[in-house]
Amino acid sequence: MSSDPILFALLDRASGVLLGQACGDALGVPYEFSWPPEGDAEMRGGGRGSYAPGEWSDDTQMAICIARVSERGGGLRTTAELDEIAAAFEDWFASGPTGVGTQTATVLRAAAQLEGSPSQRLTAAARALHEETGRTAGNGALMRTGVVGLVALDDREATARAATAVAQLTHADPLAAESCVLWSEAIRVAVTESRLDVRAGLDLLEPDRRDAWEAWITDAEKEVPDADLRTNGFTVTALQAAWHAIYLSPYFSPGLTTEYDHMVSHLPDALHRAVRIGGATDTVAAVAGALLGARHGTQYIPPEWARAVHGWPGMRGIDVSRLGRLTAQRGLHAAPTGQTCPVCGVYGKHIERYPDFVCSWCAAWVTDEDGRYVWLSNTSFSGGFDAHYADGKPASDLARSGKVFIAGQPFRASEARFGGVVVEAVAE
Ligand SMILES: [Mg+2]
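Every chain's residues receive numbers from 1 upward, in the order its sequence appears when written. Only residues with pLDDT of 70 or above have their local features reported here, since the model is predicted, and side-chain atom pairs are shown and tallied only from 80 upward, although totals for entire chains, interfaces and linings are computed over all residues. The side-chain numbers reported here are obtained from all heavy atoms of the structure, hydrogens and water having been left aside.

J.: I'd love a proper account of the coordination of the magnesium ion, names of residues and values included.
T.: Summarising the metal site, the magnesium ion is bound by the protein donors S57 (OG), D58 (OD), D59 (OD) and D282 (OD), whose distances to it range over 2.0 to 2.3 Å. Each metal site is built from N, O and S donor atoms within 2.8 Å (3.2 Å for Na, K and Ca), and since water is not included, such sites may look incomplete. Of note, the magnesium ion draws all its donor residues from one chain, in the sequence arrangement S-D-D-x222-D. With D58 in helix α2 (residues 58-70) and D282 in helix α11 (residues 281-296), this residue pair connects regions lying 224 residues apart in the sequence. Among the residues examined, D58 registers a relative accessible area of 10% and is labelled buried. Using a relative accessible area of 1% as the deciding quantity, one classes D282 as buried. By the criteria applied, helices consist of DSSP H or I runs no shorter than four residues and strands consist of E runs no shorter than two, each listed in order from the N terminus. Think of it in three bands: with a 1.4 Å probe and only protein chains considered, a residue is buried below 20% of the maximum accessible area for its type, exposed above 50%, and partly exposed in between.

Here it is in C-alpha cells:
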C-alpha cells in the first residue's frame, strides 16, 4: 500500500509474525508429544486436538486474543488493554478450546473464582499458583508473545513492559516474563532492522538475570546442547529449542543477506527442524515461526502453508497477516493519513487514480468465484492482465475478466497504470 519501500518491507515483516507463527503451529500440531517426523513435517492435522490439516492450536488462538486488542495501536500500555486481553483469554477458555496448557487452564479456572477486574483476577491467580507450587515457568506465555514484539516498534522499553505484563496474566515465574521480553525484543529488532538477534533484549532483563540467559542461549547454539531440548514444556527450554532450530539451519544469517536460497529456505527449513526436536512441537515451531516471519516477511512464507492455515476464531492466513500489520502500523502512527485498504484498513499514500486500491498483502489472497486462489499478472505486450491457478492453468473466465473475490467479497482486478495489477473495491 505504501509507496515508501522501507515502510513496505517493514510492514511485510510485521505481517509475517502471526502468519509465520500460525504456520509453525499447524506444522507442529500432528506431532505434539508424539513421534517427531524423521524428514520434513507435514501439515496434516490430527494431533491432540483432532485438528484439520492446516488448523492452528492454542498457541495461535491465544496470540489472536492479544492481537485483537493490539491491532488498535494502543501499544498495550494501559490496564484497560490488559483487561481486554485477560477477558478474551477467559472467553476463549469458556468456549471449550481445542487444547489448552495445564498451567494456563489452572490459572483461568482459579481466576474465575476471584473478585476484581479480569487482569487483576488472572494475575492474582497466577501469583497464587506460583506461591503454591514454585513451578510456573511453562511455555504458555512464550508461545503467544510474538505479536507483542509489534506493539511499539519504536520503543524497546515499552515492548518489554508489555511482554512482561501479558506474560504475568498467567505465568508469575519471572523466567516466563524474561523469555517473553527476549523473544518480543528479538521480533521487534527483526522487523525494524532485519536482523536475527535473540540477545538483543538481554540488557532489558534485571542485571542479575543476564548471565543465566546468555549461558542458555549459548548452549542452544551448540550442535548438541547440554539442555535436553525435548523437555520444552519449560519456557527456557522452549526458547532454546526455537532458537536452536533457527540458528542451526544452514540458511541462517544474522543480518542482511542477498543469498536467495537463504531467504527462501530459512523459514521452512528451521520450522521443520523445530518440529523434529519433539515435545511440544506446535509450540516450539510457533515460537520459531513468529521470529522467522518477523525476519523474512510474508514473501518468504511458503504460499501453500500461508493458504492452508486457519483456526479459531474462524480466521485464515489473511486475517492473522492483517492483525500483525495493523498492530505495527497503528503502534507507530497515531492517526491514519492518505487512504486505507478497503479490506484490511492498513493505510498508505493517497493514490488519486485508485482511491479504493486493495493493498498488495490483501491482493495476494484473491480467489475466483469458487474460492480457489489465483495469481494475477500483468501481460506486458498486449496491455492487460491475466489470472492463473497455482498449477499454472488459466483461471476461470470470470476471474480472467477481472471479477475476483477476497474472503468471499467481490473485487475488480485490472492492469494498473503504474505497472502490475490493481485490485479495487467494487460498488455494491
Ligand atoms: Mg498448541
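Now, onward.
J.: An account of unusual backbone geometry is needed here, citing residue identities and associated values.
T.: Most peptide bonds are trans, and most residues other than glycine sit at a negative phi. Residue P313 is reached from W312 by a cis peptide bond, and omega for that bond is 0°. Mapped onto the elements of the fold, P313 is located in the loop between β1 (310-311) and β2 (315-316). Located in the positive-phi region is S50, a residue other than glycine, with phi close to 45°. Looking at the secondary structure, you find S50 in the loop between α1 (5-28) and α2. Note on S50: relative accessible area 68%, which makes it exposed. Phi is positive for L76, close to 50°, though the residue is something other than glycine.

J.: Please provide a residue-by-residue account of the sheet that holds strand β8 (residues 403-406), values included.
T.: If DSSP finds at least two bridges between two strands, the strands pair. Sheet architecture is open: four strands sit in the order β5-β8-β9-β10, paired in antiparallel fashion. The open sheet terminates on both sides in strands that have one partner only, identified here as β5 (366-367) and β10 (421-425). Pairing of strand β9 (residues 409-415) with β10 involves five bridges; the strand directions are antiparallel. Looking at β10, one finds that S414 is bridged to V422.

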